[in-house]
Amino acid sequence: MKLKLVLEILGFVALAVLVAVMPSFVSDFHSREFAIVGMYFIALLGLGVLTGYSGQISLGHGAFMAIGGYTTAILSVDGISGHPVRDIWTIPIAGVVAGLAGLLVGLPALRLSGLYLALITFGIAVSFPQLPKKFGGFLGGTSGQILNLVKAPFGLDLTPNDWMYYLTWGIALVLLAVAWWLLRGPTGRALQAIRDSEVAAASSGINLAFYKTLAFGISAFYAGVAGALYAMASAYVNPDTFPIILSIYLVVGLAVGGLGSLAGLIAGAALIYFLQNHADTVARWVNHLPAVDLNPKQPGISSAIFGAVLILVMLLLPTGAGGLLRKVFRPLTTRLYTRS
Amino acid sequence: MVGVRVLLVCLLAAAVAAAAAGARPNATPGVTANEIHLGSSVPLSGEAAIAGNVARGAEAYFKYVNARGGVNGRRIKFTYLDDGYDPGRAVNNTIRLVQQEQVFAMFSSLGTNNNLAVRKLLNDNKVPQLFVSSGATTFGRDYKKYPWTIGYIPPYSEEGAIFGRYIVKNIKKPKIAILYQDDDYGRDLVSGLRRGLGAKAKSIVARVGYDPTSSDVQPQVTQLKASKANVLMVFAFGKFSLQAFNAVSRLNWKPQIFVNDVSSASALMSIVPQKAANGAISIVFGKDPASSLWKSDKGIRLFQSILKQHGQDITSRDLKDGYFTAGMATAYTMVNTLKKAGRNPTRQSVMNAATHLNEKGNPFVLPGIVIHTTPKSRFPLTQVRLQRWQDNNWRPFGKLISARPR
Amino acid sequence: MAVAAFTWTEFAQQLAAGIREGAIYAGLALALVIIYRSTRVINFAQGELATFTTFIAWSLMNHGLSFWSAFPIVLAIAFTGGVAIERILIRPVENASVLTIVIITLGLALLLNGLMSIIWGGQNRQFHGPFSTRTIDVGGVPISVQDIGIVVTSLALVALLALFFRYTKLGLAMRAAAVNPASSRLVGVRVSWMLALGWGIAAVLGAVAGMMIAPVVFLDPNMMQTILLYAFAAAVLGGLDSPLGAVVGGILLGVTITLLGRYVEFIGSTLKLPAALLLILVLLLVRPGGLFGKVAVRRV
């Protein structure tokens, strides 16, 4: 047990160091790319708590990101009674608003299980983009809201991309630590108990309603923060900024990252970003195979590649990257336990 | 501890950046001795993927020009990225093209919202946003705030106004029903129509919008028919336009139909029930490669030969796809603009060139159209003709009409 | 601006349109339910599979076959495809987490969508279905023959399936395999092939739905996406493990949503999907298993 703890803390420190020095090795634009990976990572952390730990499937977390993003947009453009709020301060507010929405969803979710819950949350993902279209007014309608651009940090001499990077990963590391700490403790045990057997958990005195709803709220908070950051990075929100497919991508990232693993989620976040934005790179790799000549610009190629990669990854690694990590580190962490 | 490290890294980065900037003081990004680099963000996947063909058409045209020596001795390098019609990705692509790829200018990015999303950041960084693929009036009108932006095709609101004026002049007791896509694109057309109708705007008896997430517009058309209108405006997009004609035919309704340009490609009109399509009126400014009118036209022959020779993965369907032609027309104007920008183009000089256009003889638009801009009038394409669908063909009638916003 | 006032004729036409929409939802929802019952999987690729097989039909007809000559060929291809997908993609991971399998079907959906664009292109196409596009007079209301044909065909298909499941040995074996795989094996049912069979039948259902709706909405790679969403809603509404529920749910949903969209101005076209979601959510709170579904009672 102790060894595992030490490994986890070492891993965290290594990550923090990597985060701190990365921008000096990569171009400015790459910093931005890593920043967006960080945003997906934050959202996946939340989803990991919900699905990986409490076992509730949500196919609608894009909607919580959208709530966070729209909150940031409205607050920083229109502000509170006419006073625009500085973008950084909108982040916690966006998280809280999204978290409250998560609690609201978590309550009726108590009555649903398994795939019913999955489909209802999917329905939320589908329905949510319609709301800003109907309630044009302050939500900006289809043409959306344009935010203040330059994320000028207070006096720090950083490019906007580097600033976004440090802001995002700073928050990500903090939220990662919080999630890890939460999950190590009684909350985490309660959630895992619920995931493994609701009946057994209830008989042990765990308040199902409280913990399940809490999981929704926490995961929505995380998604809201991610959405707020994404809105800042894009300087624009409209219904297409958080489309239906985003909720799907989040679940994909979670599955690829591996349920129950926090570190694997970084791989999941990277995959989501990479497959969306670098389909041409993948096409070029595939073109190395004999008799294959793909044109990445041909409509349909990027979808086909994304789909094929997903299928392959899931067939080869059903437990995701996290599962792989666990297998790799198992000799280290279980060596001391010869009786198991 | 981490904070100190961050600070040190930042100082180092700043020092490096300063040194780099000092090394090449006035270099224009995207222009080298043999190359000009243009960038674009278009949908190549998802629902709007077919519209992305404008970039493929432009790409073929640039390759053609390069094969003939390029512009003032420089080849045009055209990099376009897929945004899946998602503004977030469009922003990411644009930043990547400007910061990473160091393009000279953004060219013909597609989508009203996608272009709105990047307009401020391009203008703040003084990067030209040229010949935007969108008919939203704002791209030509708001130049005071966004001097580095210019549109291309006639604004949708003017199109609506032209229909309105035609109705006032030619239809005696119009009772107008409107089917429109419920977003800025459709609403632009409707408000233009209202303007064109003027005092007769009250002849609009029914107006039903549909959301692009709909699966079929039959219920909407059924509702419109019940209003007993004798004129139907189809301000729709792609398959919804097709479904509208289908529904009109199935309901045995025979109004005078007006269909907007974007949905009026011959390839589309020829697959709807012809009893509904015959007599429909639209506007046109480009040459439709699927129309028999232009089968032997030199411009369209050139279009098809360029696609065959320089296009990638071109199918026989693509040779009749109007999106490719639109892309090529825009590319033609782009090349002219680059020529006008001088032997050593800068971003400022290309903006000047783009706002002082007087292009005649673009082989991919209607004969007689002059692509004309001034710094205060940034609508390059403002001449159209009316056309009527009859016997499987669009037949233009009347003279060139102005679609310039007043 | 005025919206047309209420007339009985228009109401009847909207109702007919709603029933026709619902029949299509029912077809796809039934396919979803059959797969769910046999393999406990939500097949997110159901819509794309249906569109893909419709494209195959289009290709065959483009090469000169008539609709009715192409029809059985397409069904055979669809059936084989469904079985193959279950064997190749689902079987290897049948013991993995639900999430993993969901991702595989999502990946399949993306792959098929991409392939359709690559092979056939994204343009809208005309599809000549089996029904005439004439309109006939039903009690003074003009109704299209196509709409009637779609409803009748869907119901006939459902009836055929019901007969199959109830009165044939194979149907009985499939039902047994779905409800109690362990015991079924004991009596000699080849459970794993029953599962594959389920996927094959579902693919056939999807193909029929696709070929019927394509003449109305025009064929393109994204044709089934919105329809699939409504089919999910219909399946949940009726109860994920109830075939009858899928059909009833589909038609009920089609009619309700069409009428709500037309007569409740606030909902219009924009809020149809959210309205559907809300209705179903409310229903599920009252009946967590949907209209006809069963909720497992957990006995301690």
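Since we're looking at a predicted model, the values are computed, not measured. (Residues numbered from 1 in each chain as written. Chains lettered and ligands numbered in written order. Predicted model: local features only at pLDDT ≥ 70, side-chain atom pairs only at ≥ 80, totals over all residues.)

**Q** Explanation requested: the overall build of chain C in the structure shown.
**A** The secondary structure content of chain C amounts to 11 helices and 2 strands. Across chain C, helices and strands are ordered from the amino to the carboxyl terminus as α-α-α-α-β-β-α-α-α-α-α-α-α. Among the 300 residues that make up chain C, the fraction classed as buried is 56%. Intrachain contacts of chain C at a sequence separation of at least 6 include 73% that bridge at least 24 residues. (Helix = DSSP H or I, 4+ residues; strand = E, 2+ residues; numbered from the N terminus. Buried ≥ 20, exposed ≤ 12 C-beta atoms within 10 Å, placed from the backbone. Contact = placed C-beta atoms within 7 Å.)

**Q** What should I look at first to understand the overall build of chain A in this one?
**A** Of the regular secondary structure elements, chain A holds 16 helices and 2 strands. Here the C-alpha radius of gyration of chain A, 20 Å, is about what a compact globule of 340 residues would show, namely 20 Å. (Rg over C-alpha atoms; globule rule 2.2 N^0.38 Å.)

**Q** In this structure, what is going on with the pairing of strand 1 (residues 35-42) of chain B? I would like to understand it.
**A** On a regular strand, one side chain projects to one face of the sheet and the next to the other, so that they alternate. Residues and elements named next belong to chain B. Taken across its 8 residues, strand 1 has 7 buried, putting it largely inside the fold. Bridging between strand 1 and strand 2 (residues 75-82) involves 8 bridges; their strand directions are parallel. What sits directly across from Gly39, in strand 2, is Thr79. Since strand 1 and strand 2 lie parallel, the crossover through helix 2 (residues 53-67) that links them has a hand, and here it is right-handed. Bridging between strand 1 and strand 3 (residues 105-107) involves 2 bridges; their strand directions are parallel. Each residue of the ladder has a partner; that of Leu38, found in strand 3, is Ala105. (Pairing = 2+ DSSP bridges. Right-handed = clockwise from strand over helix to strand, strands pointing away.)

**Q** How should helix 11 (residues 208-234) of chain A be read in this particular structure?
**A** Working note: α-helix, 3.6 residues per turn, so residues spaced by three or four point in the same direction. Residue and element names in this part refer to chain A. Its 27 residues give helix 11 an end-to-end C-alpha distance of 39 Å, which sits within 8% of 39 Å, the value for a rise of 1.5 Å per residue. With 24 of 27 residues buried, helix 11 lies mostly within the body of the structure. Two residues or fewer past helix 11, Ala235 is found with a positive phi of approximately 55 degrees. (Expected span 1.5 Å × (residues − 1).)

**Q** How should the pairing of strand 8 (residues 256-259) of chain B be read in this particular structure?
**A** Residues and elements named next belong to chain B. Looking at chain direction, strand 7 (residues 231-235) and strand 8 are connected through 4 bridges and run parallel. Residue Val234 lies in a different strand from strand 8, and its bridge partner there is Val259. In this fold, the crossover linking strand 7 to strand 8 by way of helix 9 (residues 239-250) has right-handed handedness.

**Q** Can you walk me through the interface of chain A and chain C in this structure?
**A** A common way to express how large an interface is: the accessible area buried when the components associate. At the interface, 40 residues of chain A touch 39 residues of chain C. Residues that form the side of chain A that touches chain C fall into these classes: 28 nonpolar, 9 polar and 3 charged. (Nonpolar A, V, L, I, M, F, W, Y, C, P; charged D, E, K, R; others polar.)

**Q** Can you help me understand the confidence of the model for chain C in this one?
**A** Atom-level detail of predicted coordinates should not be read off regions where pLDDT is low. Scored by pLDDT, chain C has a mean of 89; 97% of the residues are at 70 or more. Model confidence for the complex is summarised by a pTM of 0.90, with the ipTM given as 0.89. (pLDDT = per-residue confidence, 0-100.)

**Q** Looking at this structure, I do not really get the interface of chain B and chain A. What am I missing?
**A** At the interface, 37 residues of chain B touch 37 residues of chain A. Among the secondary structure elements, those contributing two or more residues to the side of chain B that touches chain A are helix 1 (2-23), helix 3 (87-100) and helix 4 (112-124) of chain B. With 9 residues, helix 3 of chain B is the largest single contributor of residues to the side of chain B that touches chain A. Among the residues forming the side of chain B that touches chain A, the class breakdown is 17 nonpolar, 8 polar and 12 charged.

**Q** Quick question: what am I supposed to make of the packing of helix 1 (residues 8-39) of chain C against helix 5 (residues 145-167) of chain C here?
**A** To characterise two packed helices, one gives the angle between the axes of the helices and the distance between these axes. Residues and elements named next belong to chain C. Close contact between helix 1 and helix 5 brings their axes to 9 Å; oriented N to C, the two are set at 35 degrees. Of the two possible hands of crossing, helix 1 and helix 5 adopt the one that is left-handed. Contacts from Ala16, Ala17, Ile19, Arg20, Ala23, Ile24, Ala26, Gly27 and Leu30 in helix 1 reach Asp147, Ile150, Val151, Ser154, Leu157 and Val158 in helix 5. Each residue belonging to the contact of helix 1 with helix 5 can be placed in one class, and the counts come to 11 nonpolar, 2 polar and 2 charged. (Axes fitted to C-alpha atoms, helices over the stretch in contact; angles between N-to-C directions. Left-handed = near helix turned anticlockwise from the far one by under 90°.)

**Q** Would you take a moment to explain the sheet that holds strand 2 of chain B for this structure?
**A** Note on sheets: strands pair through backbone hydrogen bonds, and any given pair is parallel or antiparallel. One open sheet accounts for 4 strands, arranged 2-1-3-4 (chain B); its pairing is parallel. Taken across any chain shown, the strands that pair with only one partner, and hence form the sheet edges, are strand 2 and strand 4 (129-130) of chain B.

**Q** Sorry if this is basic, but what is going on with the packing of helix 8 (residues 218-225) of chain B against helix 1 of chain C here?
**A** For the pair helix 8 of chain B and helix 1 of chain C, interaxial distance at closest approach is 10 Å and the crossing angle is 175 degrees. Classified by the angle between their axes, helix 8 of chain B and helix 1 of chain C sit roughly antiparallel to one another. Seen from helix 8 of chain B, the contacting residues are Gln218, Pro219, Thr222 and Gln223 of chain B; seen from helix 1 of chain C, they are Glu10, Gln13, Gln14 and Ala17 of chain C. Its residues assigned to classes, the contact of helix 8 of chain B with helix 1 of chain C shows 2 nonpolar, 5 polar and 1 charged. (Parallel < 35°, antiparallel > 145°, perpendicular 65-115°, else oblique.)

**Q** Can you walk me through helix 1 (residues 2-25) of chain A in this structure?
**A** Residues and elements named next belong to chain A. In this model helix 1 runs 34 Å from its N-terminal to its C-terminal C-alpha over 24 residues, within 8% of the 34 Å that 1.5 Å per residue would give. In helix 1, a bend of some 30 degrees at Val19 exceeds every other bend along the element, and Pro23, a proline, comes one to four places later. Of the positions making up helix 1, those classed as buried are Val19, Ala20 and Pro23. (Bend = angle between axes of the 7 residues up to and from the residue.)

**Q** Which parts of the structure should I look at to understand unusual backbone geometry?
**A** With the exception of glycine, the majority of residues adopt a negative phi angle, and the majority of peptide bonds are in the trans configuration. All names here are of chain B. The phi angle at Tyr85 is positive, at roughly 65 degrees, despite the residue not being glycine. Tracing the sequence through the fold places Tyr85 in the loop between strand 2 and helix 3. Positioned with a positive phi, Lys228 is a non-glycine residue whose angle comes to about 60 degrees. In this fold, Lys228 is placed in the loop between helix 8 and strand 7. What makes Lys228 partly exposed here is the crowd of 14 C-beta atoms within 10 Å.

**Q** I keep staring at the environment of Gly52 of chain B and nothing clicks. Help me out?
**A** Examined against the element boundaries, Gly52 of chain B turns out to sit in the loop between strand 1 and helix 2. When the C-alpha positions of Gly52 of chain B and Ala247 of chain B are compared, they lie 28 Å apart, and in sequence the two are 195 residues distant.

**Q** How do you make sense of the confidence of the model for chain A when you look at a structure like this?
**A** All names here are of chain A. Averaged over every residue, the pLDDT of chain A is 85; the share at 70 or more is 93%. At the level of individual helices and strands, chain A shows its lowest average pLDDT in strand 1 (residues 145-146), which scores 68, and its highest in helix 11, which scores 93. Segment residues 336-340: pLDDT under 50, and 2 contacts once partners within four positions in sequence are set aside and those in other chains are kept.

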